[in-house]
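Coordinate analysis (summary)
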Amino acid sequence: MTADATPVAAKKVNPNAPTEETVLEVKHYTDRLFRFRLTRPSTFRFRSGEFVMIGLYKDDGRPLLRAYSIASPSWDEELEFYSIKVADGPLTSRLQAIQPGDKVLLGKKPTGTLVHDALVPGKRLYCFSTGTGFAPFASVVRDPETYEKFDEVIVTHTCREAAELDYSKEIVEETLNHEFLGELAEGKLRRYGSCTREAYENKGRITDLIESGKLFEDLGVPPLNPETDRVMICGSMEMIQDVKDLMIKAGLTEGSNASPAEFVIEKAFAG
Ligand code: A2P
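Cut-off values and rules
Residues numbered from 1 in each chain as written. Predicted model: local features only at pLDDT ≥ 70, side-chain atom pairs only at ≥ 80, totals over all residues. Heavy atoms only, no water. Near = heavy atom within 4 Å. Polar contact = N/O pair within 3.5 Å; in protein donor to acceptor, adjacent residues only side chain to side chain. Areas by Shrake-Rupley, 256 points an atom, 1.4 Å probe, with all protein chains shown as cover. Helix = DSSP H or I, 4+ residues; strand = E, 2+ residues; numbered from the N terminus. Nonpolar A, V, L, I, M, F, W, Y, C, P; charged D, E, K, R; others polar. Pairing = 2+ DSSP bridges. Axes fitted to C-alpha atoms, helices over the stretch in contact; angles between N-to-C directions. Salt bridge = Lys/Arg side-chain N within 4 Å of Asp/Glu carboxyl O. Buried < 20%, exposed > 50% of the residue type's maximum accessible area, 1.4 Å probe, protein only. Disulfide = S-S within 2.5 Å.

**What about the site of the ligand?**
Taken together, T130, T158, C159, R160, T196, R197, R205, T207, E238, M239 and D242 are the residues near the ligand. Note that an oxygen atom of the ligand is positioned 2.7 Å from one of the side-chain N or O atoms of R197. Contact distances for the ligand include 3.5 Å between a nitrogen atom and a backbone N or O atom of M239. Protein burial of the ligand: of its 560 Å² of free accessible surface, 81% is covered by the chains. Listing elements by their share of the shell around the ligand, those giving two or more residues are β8 (152-159) and α9 (237-249). A per-element tally of the shell around the ligand places α9 first, with three residues. Across the shell around the ligand, the residue classes tally to two nonpolar, four polar and five charged.

This is the structure in structure tokens:
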């Protein structure tokens, strides 16, 4: 054997290979949306608001992975994800059929910008989301750090139809009624849901609600202010761009992990 020879078995072990986790719970909200919970390896660490690759093995035995925001907070012993169902989506067409006891692949490197570390201190946190873009905020609003850092937390969720808002409604209600989080979130956390294609208490795109000032009027808060307000944005590419333009117009600067500032963005991932 030469000095650099490595046993074949050792060569095959990839330290970055996804782990196989067990599905613990699945809940379908609409025919297009569902959430599921997985076991969490004790070595799996992440910051609330981050995303990770998850997936399934394909028929040829190779993994098919997509980026998903982790919807559970970093203290949770389990992992939660919120997903769209796409009939011909390579991953979601199969993922939507998972049942408790099934296995799902979990990547080892969570990352992302919708994290407290990427924002400078402020008084009021806005989390603007559309569609499955609410997922990272399901994590952020359930993290005690959010309430240590901010006096007020306003999470907005806009969807085409009212039934698509059920998940964010449930998460915020659960947070406010939670035995420990409830006390921290009480009087700080508020949710503003709006619909664009169905009658609802609030109507319209979040961009229109910001521009017209209706959002701030309805909430009874002053207009956006770079001195006090911090913002996280998650939705489609177009939504992010349009909301980002409004933040810049209001005088806020985009931040990142390397250079924290007043607002941060991330595309909502669709499997
Ligand atoms: P709309 O119904 O007016 O298109 P989607 O399912 O297409 O991702 O949309 C989710 C929600 O985001 C919908 O309510 C949609 O409104 C809204 N939306 C889509 N594009 C934008 C955008 N550029 N800015 C703000 N909201 C948007």
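Still to come is the rest of the account.
**What to know about the sheet that holds β8**
Pairing in this open sheet of five strands is parallel, and the strands run β9-β8-β7-β10-β11 from one edge to the other. One side of each edge strand has no neighbouring strand; the edge strands of this open sheet are β9 (189-195) and β11 (263-267). Strand-to-strand, the axes of this sheet are offset by a mean angle of 10°, without reference to chain direction. The pairing of strand β7 (residues 124-130) with strand β10 (residues 229-235) spans six bridges and is parallel.

**Points about the pattern of salt bridges**
Opposite charge on two side chains lets them pair, provided their charged atoms get close. Taken as a whole, this structure holds 19 salt bridges when the rule is applied. Between R35 and E170 there is a salt bridge, with its nearest N and O atoms 3.7 Å apart. Residue R35 is found in strand β2 (residues 33-39), and its partner E170 is found in helix α5 (residues 166-177); the two are separated by 135 residues along the sequence. Considered together, R35 and E170 belong to a single accessibility category, that of buried residues. Measuring nitrogen to oxygen at the nearest pair gives 2.7 Å for the salt bridge that ties E145 to K149. Here the residue E145 and the residue K149 both occupy positions in helix α4 (residues 144-149), the gap between them amounting to four residues, near one helical turn. Judged by its relative accessible area of 25%, E145 falls in the partly exposed class. A relative accessible area of 40% places K149 in the partly exposed class. Through salt bridges that share partners, E25, K27, R35, R37, D76, E78, E80, R142 and E170 make up one connected network.

**What to know about the state of the cysteines**
Taken as a whole and assessed by the stated rule, the structure comprises zero disulfides. C127 takes part in no disulfide bond, and the closest cysteine sulfur, belonging to C234, lies 10 Å away. A relative accessible area of 0% places C127 in the buried class. Between C195, a cysteine without a disulfide, and C159, which holds the nearest cysteine sulfur, the sulfur-to-sulfur distance is 6.9 Å. With a relative accessible area of 0%, C195 lands in the buried category.

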